[in-house]
Amino acid sequence: DLPKTFSLNDAYPNPFNPVTSMQLSLNEDGYTSIKVYNLMGQVVDVLHEGMLQAGYHQVSWNADVVPSGVYLVKVEQDDKSDTQKVMLMK
């Protein structure tokens, strides 16, 4: 049962300390980039960079080495992208 749309579901827990997870739904195979950005647009972590098959994928971020704050988790595949805002509270 493949997803009908490309999406990144809400992170849980959010706010979090230090690990949060979200479900990624890919409706087609493709090169997929999952990165975490700070509010200044700087990449603070790369969660995945490479091919992913269509389907549901669990994405987790362990933020134990970054300071408290608001971050953006961005997924890109071809011309599609989705972003989730997460808050790390240590």
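Our structure is the block above this text.
What comes next concerns the included structure.

Quick look at the sheet that holds strand S5 (residues 55-62)
Thinking step 1. A sheet is described by the order of its strands in space; here three strands give the open sequence S1-S2-S5, paired in antiparallel fashion. Two strands bound the open sheet, and with one partner strand each, they are strand S1 (7-8) and S5.
Thinking step 2. Judged from the two bridges that link them, S1 and strand S2 (residues 19-26) form a sheet pairing that is antiparallel. Residue leucine 8 lies in a different strand from S2, and its bridge partner there is leucine 24.

Some details on the pattern of salt bridges
Thinking step 1. A full pass over the atoms with the stated rule returns three salt bridges.
Thinking step 2. Linking glutamate 49 and lysine 35 is a salt bridge whose minimum nitrogen-to-oxygen distance equals 3.8 Å. Pair noted here: glutamate 49 is in strand S4 (residues 43-52) and lysine 35 is in strand S3 (residues 30-38), with a separation of 14 residues, a long-range link.
Thinking step 3. Take glutamate 49: its relative accessible area is 40%, and that puts it in the partly exposed class.
Thinking step 4. Notably, a salt bridge pairs lysine 74 with glutamate 76, separated by 3.6 Å at the nearest N-O pair.

Focus on the pairing of S4
Along any regular strand the residues' side chains alternate between the sheet's two faces.
Thinking step 1. Summarising the sheet, S3 and S4 pair through eight bridges and their orientation is antiparallel. The residue of S4 that forms the bridge with serine 33 is glutamate 49.
Thinking step 2. Here S3 hands over to S4 after four residues, with glycine 41 in that stretch at a positive phi of 85°.

Topic: the environment of valine 70
Thinking step 1. Among the structural elements, valine 70 can be located in strand S6 (residues 69-77).
Thinking step 2. Separated by 31 residues in sequence, valine 70 and leucine 39 have C-alpha atoms that sit 6.9 Å apart.
Thinking step 3. Setting aside chain neighbours within four positions, we find valine 70 in contact with Asn38, Leu39, Lys85, Val86 and Met87.

Looking at the packing of aromatic side chains
Thinking step 1. As enumerated under the stated definition, the model contains two aromatic pairs in all.
Thinking step 2. Ring plane angle 55° and centroid distance 5.7 Å describe the contact between phenylalanine 16 and tryptophan 61, whose orientation is recorded as tilted. Separated by 45 residues along the polypeptide, phenylalanine 16 in the loop between S1 and S2 and tryptophan 61 in strand S5 bring together distant segments of the chain. Just as phenylalanine 16 is buried, tryptophan 61 falls in that class too.
Thinking step 3. Arranged with centres 5.3 Å apart and planes meeting at 70°, the rings of tryptophan 61 and tyrosine 71 form a pair that is edge-to-face. Taken together, the positions of tryptophan 61 in strand S5 and tyrosine 71 in strand S6 put the pair ten residues apart, joining distant regions of the chain.
Thinking step 4. For tryptophan 61, a relative accessible area of 1% translates into the label buried.
Thinking step 5. A network of ring pairs unites the aromatic residues Phe16, Trp61 and Tyr71 as a single cluster.

Calculation rules
- Along each chain, residues carry numbers from 1 onward, in the same order as the chain's sequence is written.
- The predicted origin of the model limits local features to residues at a pLDDT of at least 70 and limits the giving and counting of side-chain atom pairs to 80 or more, whereas totals for whole chains, interfaces and linings rest on all residues.
- Think of the side-chain values as coming from all heavy atoms in the structure, minus any hydrogens and water.
- Two strands pair if DSSP finds at least two bridges between them.
- Secondary structure counts use DSSP, requiring at least four H or I residues in a row for a helix and at least two E residues in a row for a strand, with both numbered from the N terminus.
- Here, a salt bridge means any side-chain nitrogen of Lys or Arg that lies within 4 Å of a carboxyl oxygen of Asp or Glu.
- Only protein chains enter the accessibility calculation, which uses a 1.4 Å probe. A residue is then buried if its area is under 20% of the maximum for its type, exposed if over 50%, and partly exposed in between.
- Two residues qualify as a contact provided that any one of their heavy atoms is within 4.5 Å of a heavy atom in the partner residue.
- Each aromatic pair joins two rings of Phe, Tyr and Trp (for Trp, the six-membered one) with centres within 6.5 Å, and gets the label stacked for planes under 30 degrees apart, edge-to-face for over 60, and tilted for any other angle.

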